[in-house]
Amino acid sequence: VPRINSVLDSVPFLRDHKSLSSIVAGVVVFGVAKTPRIPNIISAVIVGIAGVFILAGILPLYTQITNRSAS
């Protein structure tokens, strides 16, 4: 994960938008999990990691929307 974060920090637009960069990382990792040469168990672990990235990116956006509608 730190390696992925350092790569994402090297992109100027994604450096300023951490939620978007997490979602992008999750989508890219999902793409890696689809390769046919990876065994099913390893693919499942990769999909879990991708899910964590996407949830970490969506949670701050979800919190902002729910707090705004509650006000």
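For the structure itself, look to the data block above.
This one's a predicted model, so the numbers in the text were calculated from it and none came from an experiment.

A closer look at the overall build of the protein chain
A count of helical and extended segments in the protein chain gives four helices and zero strands. Order of helices (α) and strands (β) in the protein chain, N terminus to C terminus: α-α-α-α. Taken over C-alpha atoms, the radius of gyration comes to 14 Å for the protein chain, far larger than the 11 Å a tight globule of 71 residues would show. Overall size of the protein chain, expressed as C-alpha extent along the three principal axes, is 50 × 30 × 15 Å. Evaluated residue by residue, the protein chain yields a buried proportion of 21% over its 71 residues. If you take every contact in the protein chain between residues at least 6 apart in sequence, the share linking residues at least 24 apart comes to 50%.

Regarding helix 3 (residues 18-33)
The terminal C-alpha atoms of helix 3, which comprises 16 residues, lie 23 Å apart, in line with the 22 Å expected from a rise of 1.5 Å per residue. Along helix 3, the positions that sit buried rather than exposed are Ser19, Ser21, Ser22, Ala25, Gly26, Val29 and Ala33. Along helix 3, the residues classed as buried sweep out an arc of 160° about the axis, all on the same side.

Re the environment of Val47
Summarising the element assignment, Val47 is placed in helix 4 (residues 40-70). For the pair Val47 and Val24, spaced 23 residues apart in sequence, the C-alpha to C-alpha distance is 14 Å.

Digging into a nonpolar patch on the surface
Taken together, the side chains of Val11, Phe13, Leu20, Val24, Val28 and Val32 make up a nonpolar region of the molecular surface, amounting to roughly 470 Å² of accessible area. For the nonpolar patch, the element with the most residues is helix 3, which contributes four residues. Structurally, Leu20 is set in helix 3. The exposure class assigned to Leu20 is partly exposed, which follows from its relative accessible area of 35%.

Some details on the environment of Pro39
Summarising the element assignment, Pro39 is placed in the loop between helix 3 and helix 4. For Pro39, a relative accessible area of 45% translates into the label partly exposed.

Conventions adopted
- Position numbers for residues count from 1 along each chain, tracking the sequence in the order it is written.
- Thresholds applied to this predicted model are a pLDDT of at least 70 for local features of residues and 80 or more for the giving and counting of side-chain atom pairs; totals over whole chains, interfaces and linings are not thresholded and use all residues.
- Note: side-chain values were computed over all heavy atoms of the structure, leaving out hydrogens and water.
- Helical segments are the DSSP runs of H or I of at least four residues, strand segments are the runs of E of at least two, and each set is numbered from the N terminus.
- As defined in this context, the radius of gyration uses C-alpha atoms, and a globule is described by 2.2 Å times the residue total to the power 0.38.
- Summary of the burial criterion: residues with accessible area below 20% of their type's maximum are buried, those above 50% are exposed, and those between are partly exposed, where the area comes from a 1.4 Å probe applied to protein chains only.
- Should any heavy atoms of two residues lie within 4.5 Å, those residues are counted as being in contact.
- The span you would expect from a helix comes to 1.5 Å times its residue count less one.
- The directions from the helix axis to the C-beta atoms are what the arc is built from.
- Exposure above 30% relative accessible area and the absence of a salt bridge qualify a residue for a patch, where like charges join within 9 Å and nonpolar side chains (Val, Leu, Ile, Met, Phe, Trp, Tyr) within 5 Å.
- Note on areas: these come from Shrake-Rupley sampling with a 1.4 Å probe, and a residue is covered only by the protein chains present in the view.
- When a carboxyl oxygen of Asp or Glu is within 4 Å of a side-chain nitrogen of Lys or Arg, the pair counts as a salt bridge.

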